[in-house]
Every structure is written in C-alpha cells, then in structure tokens.
Amino acid sequence: MHLYLIRHGIAAEPEAYATDAERPLTKEGANKTRKVAQRLYEIEIQFDLILTSPLLRATQTAQILQTAGLSSQIAESAALAPSGDIHNWLEWYQQWQETGSRSLALVGHQPDLGNWAETLLWGRTQDAIILKKAGTIGLILPETGSPVGRSQMFCLLSPKFLLG
C-alpha cells in the first residue's frame, strides 16, 4: 500500500483569525499547491482516497489535490488535526485496508506528519523528518499487520524539487 503524507500549503498568519482552524491558504499558498498538485498528476500519482485534517488550510489543500485529478474522494479525519493521535488513524487504517484500496493520501500538519512518518518507518519519533509546506512523503506500508516500524520511504519531495 502506498501512503502519501502531504503537508498543507502556505497559510495565513494566525494573528488574523480567531482560531487556528479558520486559517486559509494564502493566494501564494493556493497557487503553489496547485502547481505541486499538477506536477504530482504529471508523474502519475493517484490516490484512492484523500483523508484530510478538518482545519481549513488542510481541507483547501485536499480540494486542490482533488481538482487536479489526483482522487475523486475526500474525507475528514480528526486524527489528522494538529497533535492528532496516530493510533486513532491506525485503527481506521486497519479497517480501510480491507477495502483493497492501494493508495492513500493524508493531508495534515507539521510536525505531526513528520512524526507519523518516523513512527511508521522506525517505530518511534526522532524529530528528524521535516515536511515543507505542500511537500510530500511517500511510504510503502506492509500488506499485513501493523505498519509501525515496518514501512519504507520511497520519496521525500519538497515543493522546490517538484517545481524545479
């Protein structure tokens, strides 16, 4: 199973909004995210589902990915909100895996996505993986059993690399 961890694009400064959840992508963030999504489409990346944090900037990023043709389905998951619990997601994932789907995108936040990647790769966090805004980490998760400490990274793509 291919898992793509995608950080939301550049968002508005927190001071301008009553809550962190309300912060949208900036115009620059939306434009850069559209370019990244187009590039992912060009290199033939597709998702059976895009699972997103419920925060506005993440859902906007997920919608941009969908509009670019990367997936026809989006769903929200509270586990992907800042400080979300990977164990809650793992429970959902075990059930979703039974659908036979082969590719999943998670749209969320840093440092959570970097920490989740580390947990899936090494079984623990080390604060070593930093995912840039609109960046992507690609992991291969094992076919059976828990993916914790048993996954493999096949790509770490910064927007700068994708956009050349």
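For the structure, see preceding data.
Everything in this summary refers to the structure shown in the same document. Along each chain, residue indices are assigned from 1 in the same order as the chain's sequence is written. Owing to the predicted nature of the model, reporting of local features is limited to residues with pLDDT of at least 70; listing and counting of side-chain atom pairs is limited to 80 or more, with chain, interface and lining totals taken over all residues. Side-chain numbers come from the whole structure's heavy atoms, not from hydrogens or water.

Observations concerning the pattern of salt bridges
- Every case where a carboxyl oxygen of Asp or Glu lies within 4 Å of a side-chain nitrogen of Lys or Arg is listed as a salt bridge. Enumeration according to the criterion identifies four salt bridges in this entry.
- In this structure, D20 and R23 form a salt bridge, with 2.8 Å as the shortest nitrogen-oxygen distance.
- Whether a residue is buried, partly exposed or exposed follows from its accessible area with a 1.4 Å probe, protein chains only, as a fraction of its type maximum: under 20%, in between, or over 50%, in that order. Judged by its relative accessible area of 13%, R23 is buried.
- As a salt-bridge pair, E42 and R39 come within 3.3 Å of each other at their nearest N and O atoms. Of this pair, E42 and R39 are both found in helix α1 (residues 27-42), three residues apart, which corresponds to roughly one turn of the helix. Secondary structure follows DSSP: runs of H or I at least 4 residues long count as helices, runs of E at least 2 residues long count as strands, and numbering of each begins at the N terminus.

Considering the environment of T33
- One can find T33 in helix α1.
- Beyond its immediate sequence surroundings of up to four residues, T33 is in contact with G9, T61, I64 and A134. The contact rule is simple, with two residues in contact once any of their heavy atoms fall within 4.5 Å.

Some words on the environment of K32
- Looking at where K32 falls in the secondary structure, it is placed in helix α1.
- Measuring from C-alpha to C-alpha, the distance between K32 and E91 comes to 33 Å, with 59 residues separating the pair along the chain.

Digging into the packing of helix α3 (residues 86-97) against helix α4 (residues 112-122)
- One can describe the packing of α3 onto α4 by two numbers: an axis separation of 11 Å at closest approach and a directional angle of 65°. Where α3 crosses over α4, the handedness of that crossing is right-handed. Residues I86, W89 and L90 of α3 form the contact with α4, whose own contacting residues are W116, T119 and L120.
- When grouped by side-chain class, the residues that make up the contact of α3 with α4 number five nonpolar, one polar and no charged. In this description, a line fitted to the C-alpha atoms serves as the axis of each element, helices being fitted only across the stretch in contact, and the angle between N-to-C directions of two axes falls anywhere from 0 to 180 degrees. Helix crossings are classified by the rotation of the near helix relative to the far one: an anticlockwise turn of less than a right angle makes the crossing left-handed, while a clockwise turn makes it right-handed. Three classes are used, and their members are as follows: Ala, Val, Leu, Ile, Met, Phe, Trp, Tyr, Cys and Pro are nonpolar, Asp, Glu, Lys and Arg are charged, and the others, Gly among them, are polar.

Examining the side chain of S53
- Here S53 shows up in the loop between β2 (49-52) and α2 (56-67).
- Here a polar contact means two N or O atoms within 3.5 Å. Within protein one must be a hydrogen donor candidate and the other an acceptor candidate, and residues neighboring in sequence count only if both atoms are side-chain atoms. Side-chain polar atoms of S53 contact the backbone nitrogen of L55, separated by 3.2 Å.
- Side chain to side chain, S53 and H109 meet in a polar contact 2.8 Å long.
- The residues contacting S53, other than those within four sequence positions of it, are A58, T59, S77, L80, A81, P82, V107, G108 and H109.

A closer look at the packing of aromatic side chains
- What counts as a ring pair is set by centres within 6.5 Å for rings of Phe, Tyr and Trp (its six-membered ring), and what kind of pair is set by the plane angle: stacked under 30 degrees, edge-to-face over 60, tilted for all other angles. Using the criterion set out here, one finds six aromatic pairs in the structure.
- Centroid distance W92 to W96: 5.6 Å. Interplanar angle 15°. Geometry classified as stacked. Placement of the pair is W92 and W96 together in helix α3, with a separation of four residues, close to one helical turn.
- Relative accessible area serves as the criterion here: at 28%, W92 is assigned to the partly exposed category.
- Taken together, W89, W92, Y93, W96 and W116 form an aromatic cluster joined through their ring pairs.

Concerning the nonpolar core
- Here, nonpolar core means buried Ala, Val, Leu, Ile, Met, Phe, Trp, Tyr and Cys residues that are tied together by side-chain atoms lying within 4.5 Å of each other. Within the largest apolar cluster, 24 residues are counted, with the highest numbers of intra-cluster contacts made by L3, L5, W89, L104, L106 and L139.
- The set of elements that each furnish at least two residues to this core consists of β1 (2-7), β2, α3, β4 (103-108), α4 and β5 (136-140).
- The next biggest cluster of nonpolar side chains, apart from the first, holds 22 residues, and it includes I45, A105, A134 and C155.

A few points about the sheet that holds β5
- When DSSP finds two or more bridges between a pair of strands, those strands are recorded as paired. Strand order in the open sheet formed by six strands is β3-β2-β4-β1-β5-β6, and the pairing between neighbours is mixed. With one partner strand each, in any of the chains shown, β3 (74-76) and β6 (152-157) form the two edges of the open sheet. On average, adjacent strands in this sheet sit at an angle of 20° to one another, irrespective of strand direction.
- Direction of pairing for β2 relative to β4: parallel, over a ladder of four bridges. Counterpart to T52 in the pairing with β4 is V107.

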